[in-house]
Amino acid sequence: QIEKWKLKQKKKLERKKLIKDMKAKIRVDTIAKRRAELILERDKKRRENVVRDDEEISEEELEEDNDDIENILEDEFPKDEEEMSGEEDEEQETDAIERLRGELAEKFEADTHNLQIIQDELERYLIPIISVNGARKNHIVQYTLNMKLKPLVENRASIFEKCHPIPAPLAQKMLTFTYKYISSFGYWDPVKLSEGETIKPVENAENPIYPVIHRQYIYFLSSKETKEKFMKNPIKYIRQPKPKPTVPIRIIIVGPPKSGKTTVAKKITSEYGLKHLSIGGALRYVLNNHPETELALMLNWHLHKGMTAPDELAIQALELSLMESVCNTAGVVIDGYPVTKHQMNLLEARSIIPMVIFELSVPSKEIFKRLLLEKENEQRLPYPLHNSAQIIAVNNLKYRKNIDEIRQYYQEQHQNWYVIDGFHSKWWVWNEVIKNVQMVNKYMQTYLERIKAGKAACIDKLCITPQELLSRLGEFGQFCPVSLAESQELFDCSATDSLEFAAEFRGHYYKMSSQEKLNKFLENPELYVPPLAPHPLPSADMIPKRLTLSELKSRFPKCAELQGYCPVTYKDGNQRYEALVPGSINYALEYHNRIYICENKEKLQKFLRSPLKYWEQKLPHKLPPLREPILLTSLPLPGYLEQGIATSLIKAMNAAGCLKPKFPFLSIRRSALLYIALHLKAFNPKGSEYTRKKYKKKMEQFMESCELITYLGAKMTRKYKEPQFRAIDFDHKLKTFLSLRNIDPING
């Protein structure tokens, strides 16, 4: 404040001095001007007096006149009071500083007192108070204020809400004695639910729960982070939709040995409370819990003889283990099964269909590397383990032999197979697995919710087989009902096996052509199915059908309509002469018992979707001339070579230019011609397989003979070498080279 006062006083003095100087300058200019006027008047009067009296003016009169002028100026321009009395006494700096300090101290005490009163009132109403150090720089104070106020702005709805964390035993006791009530979320974590969680985590030593009291309800959070988020803004998480009904999850994890199957399965089990099950675990479950059953006796008979349990008995043990309550409430993770086609067929026969199958893909080199690291870190045990390199190699080979067939089956039948790169870290693999499980579970929950409400629901990710799809197709078969209703197009969706754009409504399945059409169907399915559908599906004989080449030949002697010209090109070209383009027999179709040939696949699809637009047309009287085929043999030699063997000849000449063959005792020209001839024979597309193999072998022998010159030129020296100092195969190649004199390189 003192510095500000000093600066203010300095500016004030400068301003006063400037004004004073300006006034003085103006006064001096005005006085000088007035003096000049008075002197001018005086001189004029003197001239008049001199002319009248002819007398000279004395010096005394001049002085009197000057005094008169000065008196007149003093009368007309009197001095200011400030100039007359001098400047007033100004306040000294030390006095001003003391005065300002006293005023500021009094104001500070008053403001502090008022602020304390306001703080007391705010605390009485439980309004939080934020303290910020205002002595720092302005931008730092502004940043601090923004950071302090940001949570309040983001959590505006919960500013006056209070949450109290309590221990889990106390929460259970309060619920037991109905002192507090469990929330509508049950044991679901509201924060995780808002972030897209679809599987409820299980409470155990590894995953403790964190109860929080809000109003009269208790909410259970799954981690400290989610607890902090909930306590900052409980209203945000309370107002979200309630958790959807849970469904038991059935997961299968397969992969080569040491790929991390068991690690991922155990992690899922500990995190979400699912049952971890393997074939070995299923067998032990039957032997330990049901030892008197016929299944257990048969298993013991095989095991006591040192035999492997048959797949038929193993699948029965697995089916019995799946009857546990945890498998039917939370779900199950099946570890490492199936690994053969027979096991897969047994699972299908028993209707054990997983919701999702994960294949952990790991290269063989990484498998043996992990095995080596595991052996270095494992402790010595008194009994042998089945983890030798030989056993791992056998299991790896067995897995890779059968996995392609198993993968193809599940991809075609259930579309529930997901390949995950197991070469990454276990945390990356875990995140990928959980992301896919959450996605599939969300699809399942949404499907159940919409079907229960009587709405249409997407059936993607539901493991529906092609046979089940065909048995439950609706009135439109595999044609898109939305395209038929809106644009009267017959869009056939049977070309794709994916159910990404398929939906169920009133117990029937419908396939759509795109995501846009699917969204329209899900929003208002009644508009696209009977009785409100504007256009019914035509009968089977009124639907255009694409013809294969064999089917087209079987229709002989029936001729194509429009004399083989493409009906789509002709119609889209406004039926002009230039639009008469011949069709290709590869794109033939039949409609109304007539055959039409289209120009390309795009035009064929247009006709199939809108046959009424293109089927009934008439050709003009004037048609383009027919294109008669020209026989290849009727062409002149250059044309014959260009149209017949140009490609093969260019490849042969290019190869000859790269290799530059030179056969022993033959000229370069003859060597090149022989190589080109052999190349044409060896790669003749119209020749038989036997002929091509025969001449490929001759071409290899020809090249070996040509390479003798290069070899001998590099190894042979001017001076004679003893046999023991020569290269091992030098003598043999030299004899071969000399034997080629006067030998036919083709038939020799």
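As annotated in an unreviewed UniProt entry, the chain carries the name Adenylate kinase 9 and comes from Pan troglodytes. Regarding the chain, the UniProt comment filed under Sequence similarities (unreviewed entry) reads as follows: "Belongs to the adenylate kinase family."

1. Focus on the sheet that holds strand β12 (residues 508-511)
In space, the three strands of this open sheet follow the order β10-β11-β12, with antiparallel pairing throughout. Sheet topology places β10 (457-458) and β12 at the edges, where each strand pairs with a single neighbour. Where strand β11 (residues 502-505) and β12 come together, four bridges link them in antiparallel fashion. Note that in β12 the partner of F505 across the bridge is H508.

2. Topic: unusual backbone geometry
Here the amide bond leading from Y337 into P338 is cis, since omega sits at 5°, within 30 degrees of zero. With respect to the helices and strands, P338 occurs in the loop between β7 (331-335) and α15 (341-349). In this structure, the amide linkage connecting P530 to the following residue, P531, adopts the cis form with an omega of 10°. Mapped onto the elements of the fold, P531 is located in the loop between α21 (515-523) and β13 (545-547).

3. Here we look at the environment of R99
Of note, R99 is situated in helix α4 (residues 93-124). Owing to a relative accessible area of 35%, R99 belongs among the partly exposed residues under this scheme. Measuring from C-alpha to C-alpha, the distance between R99 and F423 comes to 79 Å, with 324 residues separating the pair along the chain.

4. Comments concerning the nonpolar core
Within the largest apolar cluster, 34 residues are counted, with the highest numbers of intra-cluster contacts made by I251, I253, I268, F358, V433, V437 and I459. Only β5 (249-254), α10 (261-272), β8 (356-361), β9 (417-421) and α18 (426-452) provide two or more residues apiece to this core. The element that contributes the greatest number of residues to this core is α18, accounting for eight residues. If you count residues domain by domain, this core takes at least three from each of domain 3 (249-379 + 387-441) and domain 4 (454-537). Setting aside chain neighbours within four positions, we find I268 in contact with I253, G273, L274, V333, W430 and V433. With 32 residues, the next largest nonpolar core counts I279, A296, I406 and Y410 among its residues.

5. Some remarks on the environment of I406
Mapped onto the elements, I406 comes out in helix α17 (residues 389-413). You can call I406 buried: its relative accessible area is 1%. In this view, I406 contacts P338, V339, T340, K341, M344 and W417; residues no more than four positions away in its chain are not counted.

6. Considerations on the packing of α15 against α17
Closest axis-to-axis distance for the α15/α17 pair is 9 Å, and the angle between their directions is 30°. Judged by the inter-axis angle, α15 sits roughly parallel to α17. On the side of α15, the interface is formed by K341, M344, L347 and E348, while α17 contributes E405, I406, Y409 and Y410. Tallied by class, residues from the contact of α15 with α17 come to five nonpolar, no polar and three charged.

7. Structural notes on the packing of aromatic side chains
Enumeration according to the criterion identifies 16 aromatic pairs in this entry. Relative to Y410, the ring of Y409 has its centre 5.6 Å away and its plane inclined at 85°; by these criteria the two rings are edge-to-face. Following the ring pairs from residue to residue traces out a cluster consisting of Y591, Y596, F607, Y614 and W615. Lying across the ring of W430, K267 places its NZ or CZ 5.4 Å from the centre. The cationic tip of K733 hangs over the ring face of Y711; the distance from NZ or CZ to the ring centre is 4.2 Å.

Basis of the calculations
- Residues numbered from 1 in each chain as written.
- Predicted model: local features only at pLDDT ≥ 70, side-chain atom pairs only at ≥ 80, totals over all residues.
- Heavy atoms only, no water.
- UniProt positions renumbered as here; feature names shortened; annotations may be inferred.
- Pairing = 2+ DSSP bridges.
- Helix = DSSP H or I, 4+ residues; strand = E, 2+ residues; numbered from the N terminus.
- Buried < 20%, exposed > 50% of the residue type's maximum accessible area, 1.4 Å probe, protein only.
- Core = buried A, V, L, I, M, F, W, Y, C linked by side-chain atoms within 4.5 Å.
- Domains from an automatic or database assignment.
- Contact = heavy atoms within 4.5 Å.
- Axes fitted to C-alpha atoms, helices over the stretch in contact; angles between N-to-C directions.
- Parallel < 35°, antiparallel > 145°, perpendicular 65-115°, else oblique.
- Nonpolar A, V, L, I, M, F, W, Y, C, P; charged D, E, K, R; others polar.
- Phe/Tyr/Trp six-rings, centres within 6.5 Å; stacked < 30°, edge-to-face > 60°.
- Lys NZ or Arg CZ within 6 Å of the ring centre and 35° of its normal.

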